[in-house]
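Inside the fold
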Amino acid sequence: MESREAGIERLYPKITGRMSARYYYLIQLRKQLERVIFLYVRNSPHQLLADYGCGNKPYEPLFKPFVEQYIGLDLAYNIKADVVVDPAGIIDMPEESVGFVLSTQVLEHVEDPKAYLKEAHRILEKEGKLILSTHGYWMFHPDPTDFWRWTSTGLKKIVTEAGFEVVYFEGILGRSAMGLQLFQDGLLFKLPKPLRFILSLILQPLIIFFDKIITAKSRNEDACTFVLVAKKV
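Residues numbered from 1 in each chain as written. Predicted model: local features only at pLDDT ≥ 70, side-chain atom pairs only at ≥ 80, totals over all residues. Heavy atoms only, no water.

Naming follows an unreviewed UniProt entry, where the chain appears as Class I SAM-dependent methyltransferase of Aquirufa novilacunae.

A look at the side chain of Glu119
Take Glu119: it is sitting in helix H4 (residues 113-123). With sequence-adjacent residues up to four places away left out, Glu119 is seen in contact with Tyr52, Gly89, Ile90 and Ile91. (Helix = DSSP H or I, 4+ residues; strand = E, 2+ residues; numbered from the N terminus. Contact = heavy atoms within 4.5 Å.)

Quick notes on the packing of helix H6 (residues 175-188) against helix H7 (residues 193-212)
Relative to each other, H6 and H7 sit at 170 degrees, their axes nearing to 8 Å. Put simply, H6 runs roughly antiparallel to H7. Contact residues: Ser176, Ala177, Leu180, Gln181, Phe183, Gln184, Leu187 and Leu188 in H6; Arg196, Leu199, Ser200, Leu203, Gln204, Leu206, Ile207, Phe210 and Asp211 in H7. Each residue belonging to the contact of H6 with H7 can be placed in one class, and the counts come to 10 nonpolar, five polar and two charged. (Axes fitted to C-alpha atoms, helices over the stretch in contact; angles between N-to-C directions. Parallel < 35°, antiparallel > 145°, perpendicular 65-115°, else oblique. Nonpolar A, V, L, I, M, F, W, Y, C, P; charged D, E, K, R; others polar.)

Looking at the pattern of salt bridges
Scanning the entire structure with this criterion turns up 14 salt bridges. Note that Lys57 and Asp82 form a salt bridge whose closest N and O atoms lie 2.8 Å from each other. Highlighted residues: Lys57 in the loop between strand S1 (48-52) and helix H3 (60-63) and Asp82 in the loop between strand S2 (69-74) and strand S3 (83-84), separated in sequence by 25 residues. Its relative accessible area of 13% is what places Lys57 among the buried residues. For Asp82, a relative accessible area of 46% corresponds to the partly exposed category. (Salt bridge = Lys/Arg side-chain N within 4 Å of Asp/Glu carboxyl O. Buried < 20%, exposed > 50% of the residue type's maximum accessible area, 1.4 Å probe, protein only.)

A look at helix H5 (residues 152-161)
Looking at H5, one finds that the buried residues are Ser152, Leu155, Ile158 and Val159. Along the axis of H5, the buried positions cluster into a sector of 140 degrees, meaning they face one direction only. Of the exposed residues in H5, those oriented more than 90 degrees away from the buried face are Thr153 and Glu161. For H5, the secondary structure elements touched by its buried residues are H4, strand S5 (124-135), strand S6 (164-174), helix H8 (216-221) and strand S7 (223-232). Phi turns positive one or two residues past the end of H5, at Gly163, with a value near 105 degrees. (Arc of directions from axis to C-beta.)

Remarks on the pairing of S7
Burial of S7 is extensive: nine of the 10 residues sit out of reach of the surface. Note: S5 against S7, seven bridges, orientation antiparallel. Across the sheet, Ile131 pairs through a bridge with Val229, a residue of S7. (Pairing = 2+ DSSP bridges.)

Observations concerning the nonpolar core
Generally speaking, nonpolar side chains in soluble globular proteins are found buried as a group. Tyr25, Leu33, Tyr59, Phe63, Ile131 and Leu173 are the most contacted members of the largest nonpolar core, which has 34 residues in total. Mapped onto this core, the elements with two or more residues apiece are helix H2 (23-41), H3, strand S4 (98-104), S6, H6, H7 and S7. By residue number, the principal contributor to this core is H2, which donates eight residues. (Core = buried A, V, L, I, M, F, W, Y, C linked by side-chain atoms within 4.5 Å.)

Notes on the packing of aromatic side chains
Scanning all chains against the criterion turns up seven aromatic pairs. Between Tyr40 and Tyr168, the aromatic rings sit 6.1 Å apart at their centres with planes inclined by 75 degrees, giving edge-to-face as the arrangement. With a gap of 128 residues between them, Tyr40 in helix H2 and Tyr168 in strand S6 connect regions that are remote in the sequence. Note on Tyr168: relative accessible area 6%, which makes it buried. Each ring, one from Phe209 and one from Phe210, has its centre 5.3 Å from the other, and the planes form 80 degrees; the classification is edge-to-face. (Phe/Tyr/Trp six-rings, centres within 6.5 Å; stacked < 30°, edge-to-face > 60°.)

Written as structure tokens, this is what we have:
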């Protein structure tokens, strides 16, 4: 996951900037993570957070002020990783050694999601929290692989079967908004670079409009991305 863009571009995208095609989506993802921090992290006694599949640690600025230690876990090729995950997926850390595992847009890229979640469960303290986001609908984006997409019930099922209790679950970009996002992306890379910004400038406001008129219940059932918090049981 080392190729992920720098955190500042993900956290605070500009409609006129390099991430304009992801403008609304990235803002909503950041807001969901900020809400999770407010509800579950800022006053928690669990103070060691492991970013599992950390890439460039784009969300470190959000979480680090609220924990005593923020460490990145990734494969050996990622020079920004503090702890190495071996090719078989085993984390070089003892059992029950962290309070939080953060996993943002990683689960769809791992070859064996069940093993990945099992390792997250192993290193978490009792009642520690898994904070996870992954895609429902999204374009194919290998980094270096891309294997999975999830329904809301399917994601809850695999997390629960790994030994967790889901305590928070929210969707980002409902079906109609995500349909427009996919339409935009289907055209975007066929256009010369100077025209891509213009397409994004036209479609991002429409994506915002259609996402605002959908019910929260519908979005949580069927969305572009899901954000969840799950407690180790």
